[in-house]
Amino acid sequence: GCLLLWLLPSVLRAQSNGEARPRSMLCQQSPTKVSCKGIGLRRFPKELAQGVKYLELSHNFIQNLSGSHMPVFGQLEYLDMCFNQLEAVSDTALAQLPQLRSLLLGSNHLDRGYLANGRAFHLLGSVEVLDLSANNLESHMAGWYISNLTRLRMLDLSRNKMTRLPAGIFWSTPRLRELDLSNNYILEIEEGVFDALEELEVVNLALNSLHCISGFNLTQLRVLNLSHNALELFASEEGAEPYLLQVLDLSHNRLLYFPELPKAHYLTHLNLSNNLIASLLPGSRHPGEFVLRYKEMARFNRTLHTTAGLTHVADLDLSNNQLQLFPFTFFHSLDSLHNLSLALNCLQDVAKEPLATGTEPTLSVRSLDLRSNAIHVLPRWFFSSLPQLETIDLGSNSLQPCKSQGSDRGGNLGGSSRVPATGGTCTPFYNVPRLKHLSLYKNNITRLQPYAFNQTSLLSLDLSGNKDLFLPKEALGGLEFSLQKLSLRGNQMDDSKAELPCLDTLKVLDLSGNKLSLLPTGLFCSPLESLDVRNNNLLTLEKLALASWSRSLKDVAVAGNPFSCCSLAWLD
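These numbers were taken from a predicted model, which means no experiment stands behind them.

Here we look at the overall build of the protein chain
Per the secondary structure count, the protein chain includes 7 helices and 30 strands. Considering the protein chain as a whole, with its 572 residues, one finds that 48% of them fall into the buried category. Considering only contacts within the protein chain whose residues lie at least 6 apart along the sequence, 54% involve residues at least 24 apart. Working note: accessible area of the protein chain is about 26000 Å², and carbon and sulfur atoms make up 52% of it.

A look at the environment of serine 457
Mapping serine 457 onto the fold places it in the loop between β25 (437-439) and β26 (460-462). Each C-alpha atom of the pair serine 457 and histidine 437 lies 9.0 Å from the other, and the pair is 20 residues apart in sequence. Once residues lying within four places of it in the same chain are set aside, the contact partners of serine 457 are Pro433, Leu435, Lys436 and Ser482.

Here's the deal with the side chain of threonine 456
Looking at the secondary structure, you find threonine 456 in the loop between β25 and β26. Judged by relative accessible area, which is 0%, threonine 456 ranks as buried. Within the local environment of threonine 456, its side chain forms a polar contact with the backbone oxygen of phenylalanine 429, the two atoms lying 2.7 Å apart. Once residues within four sequence positions are removed from consideration, threonine 456 is found in contact with Phe429, Tyr430, Asn431, Val432, Leu435 and Leu479.

With respect to the environment of leucine 483
Position of leucine 483 relative to the elements: it lies in the loop between β26 and β27 (485-487). Relative accessible area serves as the criterion here: at 0%, leucine 483 is assigned to the buried category. In the structure, leucine 483 is positioned 25 residues away from valine 508 in sequence and 9.4 Å away in space, judged by C-alpha atoms. Ignoring anything within four residues of it in the chain, the contact list for leucine 483 reads Leu458, Leu459, Ser460, Leu461, Leu503, Thr505 and Leu506.

Some points on the state of the cysteines
Across all of its chains, the model carries 3 disulfides by this definition. Going through the protein chain in sequence order and numbering each bonded cysteine, the pairs you get are 1-2, 3-4, 5-6. No disulfide involves cysteine 565; its sulfur sits 6.5 Å from that of cysteine 566, the nearest cysteine.

Considerations on the layout of surface pockets
Its boundaries defined by the atoms lining it, the largest pocket holds a volume of some 500 Å³. Looking at the largest pocket, it is lined by 23 residues, and the ones nearest its centre are Ile189, Glu190, Ile213, Ser214 and Gly215. Within the residue set of the lining of the largest pocket, elements represented by two or more residues are β12 (188-189) and β14 (212-216). Here the residues of the lining of the largest pocket are counted per class, giving 14 nonpolar, 4 polar and 5 charged. There is about 240 Å³ of room inside the second largest pocket.

Some thoughts on unusual backbone geometry
Phi at histidine 252 is positive, roughly 60°, even though this residue is not glycine. Structurally, the position occupied by histidine 252 is in the loop between β17 (247-249) and β18 (269-271). Despite not being glycine, glutamine 492 shows a phi value in the positive range, around 55°. Within the secondary structure, glutamine 492 sits in the loop between β27 and β28 (508-510).

Here we look at the nonpolar core
In terms of nonpolar packing, the biggest core is built from 144 residues, with Phe170, Phe326, Phe331, Phe382 and Phe453 touching the most fellow members. Listing elements by their share of this core, those giving two or more residues are α2 (91-95), α3 (114-121), α4 (139-145), β14, α5 (328-331), α6 (380-384) and α7 (543-549). In contact with phenylalanine 453, not counting residues within four places along its chain, are Phe429, Tyr430, Leu438, Leu440, Leu448, Leu458, Leu461, Ala475, Leu476, Gly477 and Leu479.

A closer look at the environment of phenylalanine 194
Relative to the assigned elements, phenylalanine 194 resides in the loop between β12 and β13 (202-204). Taking the C-alpha atoms as reference, phenylalanine 194 lies 9.5 Å from leucine 165; in sequence the two are 29 residues apart. When neighbours within four sequence positions are excluded, phenylalanine 194 is seen to be in contact with Leu165, Phe170, Leu179, Ile189, Leu200 and Leu218.

Some details on α3
Those residues of α3 lying buried are Tyr114, Asn117, Gly118, Ala120 and Phe121. Seen end-on, α3 carries its buried residues on one side only, within an arc spanning 155°. Structurally, α3 contributes buried residues whose contacts are with β6 (88-89), α2, β7 (102-104), β8 (129-131) and α4.

What counts, and where the lines are drawn
- Note that residues are indexed from 1 along each chain, following the sequence as it is written.
- This being a predicted model, a pLDDT of at least 70 is required before a residue's local features are given, and a value of 80 or more before pairs of side-chain atoms are given or counted; all residues contribute to the totals for chains, interfaces and linings.
- The basis for every side-chain value is the complete set of heavy atoms in the structure, and neither hydrogens nor water enter the calculation.
- Put simply, DSSP marks the helices as runs of H or I at least four residues long and the strands as runs of E at least two long, and each gets a number from the N terminus on.
- For each residue, the accessible area found with a 1.4 Å probe, counting protein chains only, is set against the maximum for its type, and the residue is called buried under 20%, exposed over 50%, and partly exposed in between.
- Contacts were defined at the residue level, with two residues in contact if any of their heavy atoms lie within 4.5 Å.
- What sets the accessible areas is the Shrake-Rupley method with a 1.4 Å probe; for residues, cover comes only from the shown protein chains.
- Polar contact is the term for a pair of N or O atoms within 3.5 Å; when the atoms are in protein, one must be able to donate a hydrogen and the other to accept it, and sequence-neighboring residues count only if both atoms are side-chain atoms.
- Disulfides are defined as cysteine sulfur pairs within 2.5 Å.
- Space inside and on the surface of the protein is sampled on a 1 Å grid over the protein atoms alone, with a cavity defined as a set of points where a 1.4 Å probe fits but cannot get out and a pocket as an open set with protein on both sides within 12 Å along at least 5 of 7 lines; lining residues have an atom within 4 Å of a point.
- Grid points are joined across faces, edges and corners, and a volume is the space filled by probe spheres set on the points.
- Residues are grouped as follows: nonpolar covers Ala, Val, Leu, Ile, Met, Phe, Trp, Tyr, Cys and Pro; charged covers Asp, Glu, Lys and Arg; every other residue, Gly included, is treated as polar.
- What we call a nonpolar core is a set of buried Ala, Val, Leu, Ile, Met, Phe, Trp, Tyr and Cys residues that are connected through their side-chain atoms within 4.5 Å.
- The directions considered for the arc run from the helix axis to the C-beta atoms.

This is how it looks when you write it as structure tokens:
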């Protein structure tokens, strides 16, 4: 008790001398920038120097922004008050910020007292960037807040409670370039809502409840995100002005058809994944087969003119739809197409028809994703029609690689070697000179034929998930001087089924999830850098192998093996 009484006066003396600093003293300050992020402030800090241009007050507990609670910040250009409890903004406070260019107020409570707050916002004549996201704003509230911001360039209204876009909502913001309306409940966009926004380039309407886009005519747009809606129709208007659209995301909707896109545009990225598109062929699944929910559907004729304006598209994602056929002719006019994904569809076959000129169609695709389909065989012409192909993912299909007769290391193939070994039931992966990366995981391959990849200079090969795979020594013949990465993970192979040739360039090897008690001796000449042998039956690792890898091996995974405690010398 005596000790406590003796200490108490010194504590009181320290507090009276001002040693308990105000929270604003915790701010990080420079002459023009101040950050008071997340220090527990409950009011606007007064103890800041003049001349501050950048002020960050996010993640605090400030409720009011009033003139009596804040000093004069005549030079302030950037103010971040996101993630506070802000519900009241006074006109006297905003009148003291004549130079303000960026105002970030996301994740507050500006739905409360929005009428008075909105009147105060009329003083923000210089603001170019405004964040009002996650404020529980309804459509009329948002419209009131921006009704006098004539210099606004970027506006974030995401994560609010807007249900519609009335025609006049953006009349007072003619210089708007970027608009984020994502994650609302928008069901309706009135005609002419964007007419005043001649400089608009980026619009995000993802995660709303839109069912139909007809008469799309925003020729000046560069980026449009309509993903995660309920769109069943997307149709554009043909006009005299060219469309400048470069990126269009229509993923995660309910589209039945390839969208009606304008002919004259510069589209480079088109995402149609996670829709209900069942065919890309002309005349297929005519709208008459469905209930015409929108009158615009009646004018559709499913012809190849759909692709006429896609000559600049480099990335096309059609994954997770209901396609049953891979029509080469449809993609032929896409001269710039480099990356194509048809993963997670119902593809069973590929179809090719001669062009009107009598020539065979070829695609410029470099990366092709066909994983998770039901493909049983790819004909020889498939790879001949893809002369630029470098990467193909064929995982989770039912493909069996053909045997090649070439027995010399990279030697010429005779004519007979170009004939599939089993007459059309296997896929020839040999003699595809530009192919560098191939995935055949989970294809139910039980035996890999000799020289299956001869004269195909693969850098990486994935054969994982093919249970009980038998890999004879000649199977990887022809890859001795090119293969750098090989995965045989989860194949349940025992020692008799895993024979590897001397792969002189192999750097990464995954043998995890097998039944190996010994490492294949062919590996000893490979300059391995990464080795994964987890979950096998290894009692030890051969010294001969480790000696040959002593200078190259950088990481090795060995967990899940029954290593003998008496045979751990390999760890040295």
